[in-house]
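# Report on the structure
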Amino acid sequence: MAQFGQVLAEIGDFGRFQIQLLILLCVPRFLFPFFMFSQVFMVLDEAHHCSVAWVQNHTLNLSAAEQLALSVPLDVAGQPESCLMFRPPPDNASLEDILSRRFNETQPCETGWDYPEDRPPSLLNEFNLVCDRKHLKQTSQSVFMAGLLTGAVIFGPLSDRIGRACILLQLLLMAIVGLATALPSFELYMVLRFALATAGAGCTLRTITLVSEWVGPSWRTPAIALTQVTFAFGQMMVAGLAYGVQNWRLLQIAGSAPILLLSFYFWLLPESARWLLIQGKVEKAKQLIRKAALVNRRELSAELLSQLVPEEKGPLGNALDLFKHPHLQRVTLILICVWFVDSLVYYGLSFQVGDFGLDIYLTQLILGAVEVPARLFSIFMIERLGRKWSQSGTLIVGGVMCITTIFIPSDQPVVVTVLAVVGKFAAAASFTISYVYTAELFPTIIRQMGMGLVSIFLRIGGILTPLVLLLGDYHAALPMLIFGNIPIVAGVLCVLLPETHGQNLQDTIQDLDQRSHPGSLDTETPEKEKSPQENLPAQG
């Protein structure tokens, strides 16, 4: 009998077939950042003041500036108040009383707002996301992040049942819902954003799984890292697209339409041979394996292929097992904290791209570009410094950068942006390290359950991030204070985790006890056990 791992080694664990597959799967990863970050450019702040109907209805023969001065008070800077207007005079008020400004009591805007800069249509100026509706900008981001959590819950199990068809279904949903998002009211816009995120999260999960199931152990980590690097390039693309298309509806269409071009994936995207074997579809798996061998130009032994047997799913633990064993309980709680913080800081810096003082498009380009070396450097770091200290160090550095920005004057935008870039570098590196480290800390029997649990808190962190940003309305330093202190605490807690570099993966909970025995030897991980990233949830 032969297992799929043996067959994969013979047909090539990273040949032309896997490269073509990786390219196909990187395209959706490149496009997905648009849906996650494009709203930042659709709600850019612009000058606004109350739209006052009564002064326009009176035949006062006044200029627009005089009408504004008569109906809207000035702030301390001498500019029209953004959210206040003078209370309209009674209907029987005389012209003399109105012009003498006897009616100078103020009230909130009641008939909408005017936007004197006359910018292209945006979510902000079309749906009046200002003043008492300002919070909807961050609320809609939280709704999107909640969709990511829902998508992971729905499409994770579904992908185990229908395989690569799940990716095709999700891409179709993303294209349709993405285009529909450009049409409705803001409330419906949020509902469609939730549906869009649900589809996108499931697509991302299955993409990572398909890569890990076709790529051999020695190439698996670089291949998954490449998909994350593609995500970073996608963030850079968002900056250029948003700069060139500033009408929010056209921007939404421009970012969504390319997914329709991926319809040819129905014919080109291969199924996972490992998944086919698990489903008992041995003949279909063999056909696909022959095709992979042909593309890789490798000879495939007919005898080995004839001995291929269906894969069996190993025994799985349950969520309670994560908290029964003292060591596993400590590891689980710390990793929950780490993944929550990873998400909080990463998205906290990403969603504030317009608040650092420099041009928002340039800042987005830089924050996307810095992720490329961050992802690659993290792989080098964990091999040189080990998993524990790399994880701890990146969290602490990211936290320190966030706190430091609080003390930089607002007239130093370059310094603030540099600190934010270093913080984003650390956050992106921490994310990548968490993927590798967490999978090595959980034993095989409970790894999938453990990864699922921490990924839930990853999404919860994303949901809470926009709400934390709302605290800036009470004090400007509060969000960065939170984004700075929590990762420092998480980084210190990582010191309590064991080092896994160069050690065997643990298969059972009992194996955890052997790791702590004084007489046990750290041995190099066998080739068949390296890189357990097939169980990893995907960022974004």
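Further up the page is the structure itself.
Since the model is a prediction, treat every value here as computed from it, not as a measurement.

This next bit is on the state of the cysteines. All told, the structure shown has two disulfides when counted by the stated rule. The disulfide bridge from Cys50 ends at Cys109, spanning 1.7 Å between sulfur atoms. Here the disulfide of Cys50 and Cys109 is left-handed, its torsion about the S-S bond being about -65°. In this pair, Cys50 is assigned in strand 1 (residues 49-50) and Cys109 in the loop between strand 3 (106-108) and strand 4 (113-114), connecting sequence segments 59 residues apart. No difference in accessibility class separates Cys50 from Cys109, as the two residues are buried. A sulfur-sulfur distance of 1.9 Å marks the disulfide that ties Cys83 to Cys131. Looking down the S-S bond of the Cys83 and Cys131 bridge, the torsion is -90°, so its handedness is left-handed. Taken together, the positions of Cys83 in the loop between helix 5 (64-71) and strand 2 (84-86) and Cys131 in the loop between helix 7 (123-127) and helix 8 (136-162) put the pair 48 residues apart, joining distant regions of the chain.

Turning our eyes to something else, we now look at helix 20 (residues 371-384). For helix 20, with 14 residues, the first-to-last C-alpha span of 20 Å sits near the 20 Å given by 1.5 Å per residue. Among the residues of helix 20, those classed as buried are Glu371, Val372, Ala374, Arg375, Ser378, Met381 and Ile382. Turning to helix 20, the residues buried within the fold contact helix 11 (217-244), helix 18 (326-351), helix 19 (360-369), helix 21 (387-406) and helix 22 (413-441). Just beyond helix 20, the residue with positive phi is Gly386, at close to 90°.

We now examine the environment of Gly15. Structurally, the position occupied by Gly15 is in the loop between helix 1 (4-11) and helix 2 (16-37). For Gly15, a relative accessible area of 17% gives the class buried. For the pair Gly15 and Gly216, spaced 201 residues apart in sequence, the C-alpha to C-alpha distance is 9.9 Å.

Attention now goes to the nonpolar core. Judged by nonpolar contacts, the single largest core of 120 residues is most densely connected at Leu123, Trp214 and Leu269. Element by element, the count of residues in this core is highest for helix 18, at 14 residues. Formed by twelve residues, the second largest nonpolar core is a distinct cluster that contains Val72, Tyr115, Leu124 and Val130.

A few words on the packing of helix 18 against helix 22. Across the interface, helix 18 lies against helix 22 with an axial gap of 9 Å and an inter-helix angle of 150°. Judged by the inter-axis angle, helix 18 sits roughly antiparallel to helix 22. Relative to helix 22, the crossing made by helix 18 is left-handed. Along its contact with helix 18, which presents Val331, Leu335, Val338, Trp339, Asp342, Ser343, Val345, Tyr346, Leu349 and Ser350, the element helix 22 presents Ala420, Gly423, Lys424, Ala427, Ala428, Ser430, Phe431, Ser434, Tyr435, Thr438 and Leu441. Considering only residue class, the contact of helix 18 with helix 22 consists of 13 nonpolar, six polar and two charged.

We now examine helix 19. Side chains that are three or four residues apart share a direction in an α-helix, a result of its 3.6 residues per turn. Along helix 19, the positions that sit buried rather than exposed are Ile360, Tyr361, Thr363, Gln364, Leu367 and Gly368. Viewed end-on, helix 19 has its buried residues packed into an arc of 160°, placing them on one side of the element. Residues of helix 19 that are buried sit in contact with helix 3 (39-42), helix 11, helix 18, helix 20 and helix 22. Among the residues of helix 19, the N-terminal cap falls to Asp359, whose side-chain oxygen and the backbone nitrogen of Tyr361 are separated by 3.1 Å.

Conventions adopted
- Residues numbered from 1 in each chain as written.
- Predicted model: local features only at pLDDT ≥ 70, side-chain atom pairs only at ≥ 80, totals over all residues.
- Heavy atoms only, no water.
- Disulfide = S-S within 2.5 Å.
- Helix = DSSP H or I, 4+ residues; strand = E, 2+ residues; numbered from the N terminus.
- Buried < 20%, exposed > 50% of the residue type's maximum accessible area, 1.4 Å probe, protein only.
- Expected span 1.5 Å × (residues − 1).
- Contact = heavy atoms within 4.5 Å.
- Core = buried A, V, L, I, M, F, W, Y, C linked by side-chain atoms within 4.5 Å.
- Axes fitted to C-alpha atoms, helices over the stretch in contact; angles between N-to-C directions.
- Parallel < 35°, antiparallel > 145°, perpendicular 65-115°, else oblique.
- Left-handed = near helix turned anticlockwise from the far one by under 90°.
- Nonpolar A, V, L, I, M, F, W, Y, C, P; charged D, E, K, R; others polar.
- Arc of directions from axis to C-beta.
- Polar contact = N/O pair within 3.5 Å; in protein donor to acceptor, adjacent residues only side chain to side chain.

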